[in-house]
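Structure at a glance
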Amino acid sequence: MNSILVPQKDPMGRAIADYHATGKAAKLRVLSSMFYEDEIPVSTLFRTFSHMPILEQEMITRAKGRVLDVGAGSGCHALELKARGHDVVAIDISELSVGVMKERDIDARPINFFDETFTEKFDTIIMAMNGIGIVGKVERLPLFFRSIKRLLNPDGIVLLDSSDLRYLFEEEDGSFCIDIAGKYYGEVDFEMRYKGIKGATFDWLYIDYNTLEFYANESGMQCQKCIDGEHYDYLAEIRIRR
Ligand code: SAH
């Protein structure tokens, strides 16, 4: 669980490295037992501020002080924050992505967010593009908040965006057909492929705001919704309760 991704098993990291080196990349395919096959346009992983969704722009303008970018990918948010004068550390489990970020002059490190030996403190933690997805399953949220407490200064904040996947279960009459006895409906499995590289299947969590707030409170955190996005998505701010 505290593992790092080696290049041979890292489709997204390879795509990011290719795009960084040549300005283009092959198809980055995303497979899931819950969705039709999809693709991530690799150029979007290099988006600049003006091409970011409103929720991410808001995340950047709300950030204060020393910032940790979790699952930073190509480092697009880290770069923007640096340009705005923040001291930024970017972590990612992808060795390839960390290599690209270093070439982009970002203080990037191959660190897994759940690694308890990483104990530096930050004023802001950002998790963009549903970065809380790394939690995988609702039952692991207490572990997530434990890591947050370890990394936040007393007045620090976490800024994250996620989506309520209930729209996938919407009926024609506007009601939602969700099996509440089954697993939480935002728990998804994904697998990525790029060129000949096939990544391992991984769990990825999308969480609705109310469930996030409930678990945050259970863990002694305060949670607040900043803004709603355009389609069942939102930006939330979490801080340690005083
Ligand atoms: N935040 C970036 C990239 C999102 S993709 C953006 O918005 O463009 C999610 C990233 O999280 C990937 O780069 C993946 O390697 C990284 N990641 C997945 N699990 C992680 C973990 N446990 N700790 C740190 N990074 C992780």
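Keep in mind it's a predicted model, so treat the numbers as computed, not measured.

Here we come to the overall build of the protein chain. Counting its regular elements, the protein chain contains six helices and 12 strands. Its C-alpha atoms give the protein chain a radius of gyration of 17 Å, near enough to 18 Å, the size a compact globule of 242 residues would have. Expressed along its principal axes, the backbone C-alpha trace of the protein chain runs to roughly 50 × 45 × 35 Å. Burial status across the protein chain gives 48% buried among its 242 residues. Contacts in the protein chain between residues far apart in sequence, at least 24 positions, make up 63% of those at least 6 positions apart. With the model as given, the accessible surface of the protein chain reaches about 11800 Å², and the carbon-plus-sulfur share is 51%. With 29 positive and 39 negative side-chain charges, the protein chain shows a spacing of 6 Å between the two charge centroids.

You can see Ile134 is positioned in the loop between strand S6 (122–127) and helix H5 (141–151). For Ile134, a relative accessible area of 28% gives the class partly exposed. With 63 residues separating them along the chain, Ile134 and Gly71 place their C-alpha atoms 8.4 Å apart. Setting aside anything within four residues of it in sequence, one finds Ile134 in contact with Val70, Phe113, Phe114, Met127, Arg140 and Trp204.

Turning our attention to the nonpolar core. Core analysis: the biggest nonpolar cluster contains 52 residues, and Leu68, Ile125, Leu141, Phe144 and Leu212 have the highest contact counts within it. When neighbours within four sequence positions are excluded, Ile125 is seen to be in contact with Leu68, Val70, Ile148, Leu151, Leu152, Ile157, Val158 and Leu159. Counting residues in hydrophobic clusters, the runner-up holds 22 residues, among them Leu55, Ala78, Leu81 and Leu159.

What surrounds the ligand is a group of 18 residues, the closest being Arg47, Gly71, Asp92, Asn112 and Phe113. At 2.8 Å, a backbone N or O of Gly71 approaches a nitrogen atom of the ligand. The contact in question runs from a nitrogen atom of the ligand to an N or O atom on the backbone of Phe113, over 3.0 Å. Protein contacts shield 90% of the accessible area of the ligand, which totals 580 Å² for the unbound molecule. Taken together, the residues of the shell around the ligand break down into 11 nonpolar, five polar and two charged.

Moving on, we come to the state of the cysteines. All told, the structure shown has zero disulfides when counted by the stated rule. Of all cysteine sulfurs, the one in Cys226 lies closest to Cys76, which takes part in no disulfide; the gap is 19 Å. The class of Cys76 is buried, set by a relative accessible area of 7%. Here Cys223 is not cross-linked by a disulfide; its sulfur's nearest cysteine counterpart is in Cys226, at 8.7 Å. Judged by its relative accessible area of 12%, Cys223 falls in the buried class.

Our focus in this paragraph is the packing of aromatic side chains. This model, assessed by the stated rule, comprises 13 aromatic pairs. Between Phe144 and Phe145 the ring centres are 5.0 Å apart and the planes differ by 65 degrees, which places this aromatic pair in the edge-to-face class. Each member of the pair, Phe144 as well as Phe145, is classed as buried. Taken together, the ring pairs in this structure connect Phe35, Phe190, Phe202 and Trp204 into an aromatic cluster. Seen from the ring of Phe49, Arg84 lies directly overhead, with NZ or CZ sitting 4.4 Å from the centre. Residue placement shows Arg140 over the ring face of Phe114; its charged tip is 4.8 Å from the ring centre.

In the contact formed by helix H1 (residues 11–22) and helix H4 (residues 95–103), the axes pass within 8 Å of each other and the chain directions differ by 30 degrees. Judged on the interaxial angle alone, H4 and H1 are roughly parallel. Of H4, the residues touching H1 (which contributes Gly13, Arg14, Ile16, Ala17 and His20) are Leu96, Ser97, Val100 and Glu103. The residue makeup of the contact of H1 with H4, split by class, is four nonpolar, three polar and two charged.

Conventions used here
Residues numbered from 1 in each chain as written. Predicted model: local features only at pLDDT ≥ 70, side-chain atom pairs only at ≥ 80, totals over all residues. Heavy atoms only, no water. Helix = DSSP H or I, 4+ residues; strand = E, 2+ residues; numbered from the N terminus. Rg over C-alpha atoms; globule rule 2.2 N^0.38 Å. Buried < 20%, exposed > 50% of the residue type's maximum accessible area, 1.4 Å probe, protein only. Contact = heavy atoms within 4.5 Å. Areas by Shrake-Rupley, 256 points an atom, 1.4 Å probe, with all protein chains shown as cover. Lys, Arg positive; Asp, Glu negative; His and termini not counted. Charge placed at Lys NZ, Arg CZ, Asp CG, Glu CD. Core = buried A, V, L, I, M, F, W, Y, C linked by side-chain atoms within 4.5 Å. Near = heavy atom within 4 Å. Polar contact = N/O pair within 3.5 Å; in protein donor to acceptor, adjacent residues only side chain to side chain. Nonpolar A, V, L, I, M, F, W, Y, C, P; charged D, E, K, R; others polar. Disulfide = S-S within 2.5 Å. Phe/Tyr/Trp six-rings, centres within 6.5 Å; stacked < 30°, edge-to-face > 60°. Lys NZ or Arg CZ within 6 Å of the ring centre and 35° of its normal. Axes fitted to C-alpha atoms, helices over the stretch in contact; angles between N-to-C directions. Parallel < 35°, antiparallel > 145°, perpendicular 65-115°, else oblique.

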